[in-house]
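Residue-level structure breakdown
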Amino acid sequence: MVRPAMWASARMFFGIRFEGIEHIPREGPLLITPNHVTFADPPLVSIPIRRPIHYMAWDRLFDVPGLSWLIRRLRAFPVDIESADPRATRAAVRLLDDGHVVMIFPEAARSPDGTLQRFKPGAFRLACARSVPVLPVTILGGHEAWPPGRMLPRPGRLTIVYHPVVTPMMDGDPPHAAREPADRVRVAVASRLPEEKRAPGGGARPARG
């Protein structure tokens, strides 16, 4: 119901453009993994995707009266981004096993300066464990339009790029197998960022222990 209004507002305010929408799978379970630069990333990335999407979102947002009610009805579910969260993992597994689409930001939190941060391994462990394809997404111009600390966005130019899906190859246990798709997704996302925003450091953080 809100998609047409969101698209019209984004075009008017940000001149938003979408590239690579032909790479968006039309059916089957899917993990969407964008870089994270603004509060508006989830709805903006969702505009051209004609399927219901479930969002893994920062658990502290669910403590805000009113906002919690809204984001739950928009199919968000909480995750503790400071540590492993088995509750969020179980929710994501159920959704993927039922053939749904789940959006997870592998950086976990918004980038403070628009530079691509190191990826956490959780999304890619899920992809390997459940044999689910991953759709890398690059958001360009978001940090310039709505940097952290700014109450409201300012007019800008946003481009959202949907890359070819990455299909994980299950080779060994998921914690180690996750490294390969994480690196491939990170390379895809970084490929459209300005060089100074790509940041060295490779893919997912190694598992602890």
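Residues numbered from 1 in each chain as written. Predicted model: local features only at pLDDT ≥ 70, side-chain atom pairs only at ≥ 80, totals over all residues. Heavy atoms only, no water.

1. So, the overall build of the protein
A tally of helices and strands in the protein yields eight helices and seven strands. In summary, the protein has a C-alpha radius of gyration of 16 Å against a globular reference of 17 Å for 209 residues, a match within 12%. Dimensions of the protein along its principal axes, counting C-alpha atoms only, are 50 × 40 × 35 Å. Out of the 209 residues belonging to the protein, those deemed buried represent 47%. Summarising the internal contacts of the protein: among those between residues at least 6 apart in sequence, 71% fall at separations of at least 24. Element-wise, carbon and sulfur atoms account for 58% of the exposed surface of the protein, whose accessible area totals about 11100 Å². (Helix = DSSP H or I, 4+ residues; strand = E, 2+ residues; numbered from the N terminus. Rg over C-alpha atoms; globule rule 2.2 N^0.38 Å. Buried < 20%, exposed > 50% of the residue type's maximum accessible area, 1.4 Å probe, protein only. Contact = heavy atoms within 4.5 Å. Areas by Shrake-Rupley, 256 points an atom, 1.4 Å probe, with all protein chains shown as cover.)

2. Some thoughts on empty space enclosed by the protein
Applying the stated criterion to the full structure yields one cavity of 30 Å³ or more. Within this model, the largest cavity holds a volume of roughly 40 Å³. In this structure, the largest cavity is lined by F14, T38, A40, L44, G142, A145, W146 and L158. Residue composition of the lining of the largest cavity, by class: six nonpolar, two polar and no charged. (1 Å grid on protein atoms, 1.4 Å probe; cavity = no way out; pocket = protein on both sides within 12 Å on 5 of 7 lines; lining within 4 Å. Points joined across faces, edges and corners; volume = space filled by probe spheres on them. Nonpolar A, V, L, I, M, F, W, Y, C, P; charged D, E, K, R; others polar.)

3. Some thoughts on the pairing of strand β7 (residues 159-162)
Along β7, one buried face is formed by T159 and V161 and the opposite face, lined by I160 and Y162, is buried too. Here strand β1 (residues 17-19) runs beside β7; their pairing, made up of three bridges, is parallel. Its bridge partner lying in β7, R17 is registered against T159. One ladder, built from four bridges, connects strand β6 (residues 134-140) with β7; its direction is antiparallel. Within the sheet, the bridge partner assigned to L140 lies in β7 and is T159. (Pairing = 2+ DSSP bridges.)

4. Some words on the side chain of H54
The topology assignment puts H54 in strand β3 (residues 53-58). Residue H54 is classed as buried on the basis of its relative accessible area of 15%. In this view, H54 contacts R75, F77, L95, H100, V101, V102 and M103; residues no more than four positions away in its chain are not counted.

5. With respect to the layout of surface pockets
Rolled over the atoms, a probe as big as a water molecule pinpoints where empty space is left. Taken as a whole, the second largest pocket encloses approximately 180 Å³ of empty space. Every residue lining the second largest pocket is listed: I21, E22, I24, P25, R26, P48, I49, R50 and R51. When grouped by side-chain class, the residues that make up the lining of the second largest pocket number five nonpolar, no polar and four charged.

6. Some words on the sheet that holds β7
Here we have seven strands laid out as an open sheet, ordered β1-β7-β6-β2-β5-β3-β4, and mixed in their pairing. Edge positions in the open sheet fall to β1 and β4 (76-79), since each of these has one partner strand only. Averaged over neighbouring strand pairs, the angle between their axes works out to 25° when direction is ignored. Strand direction decides the pairing type here: strand β2 (residues 30-34) and strand β5 (residues 101-103), joined by three bridges, are parallel. Residue pairing for β5: I32 is matched across the bridge by M103. Sheet contacts for helix α4 (residues 86-97): β2, β3, β4 and β5; angle to β4, the most-contacted strand, approximately 145°. (Axes fitted to C-alpha atoms, helices over the stretch in contact; angles between N-to-C directions.)

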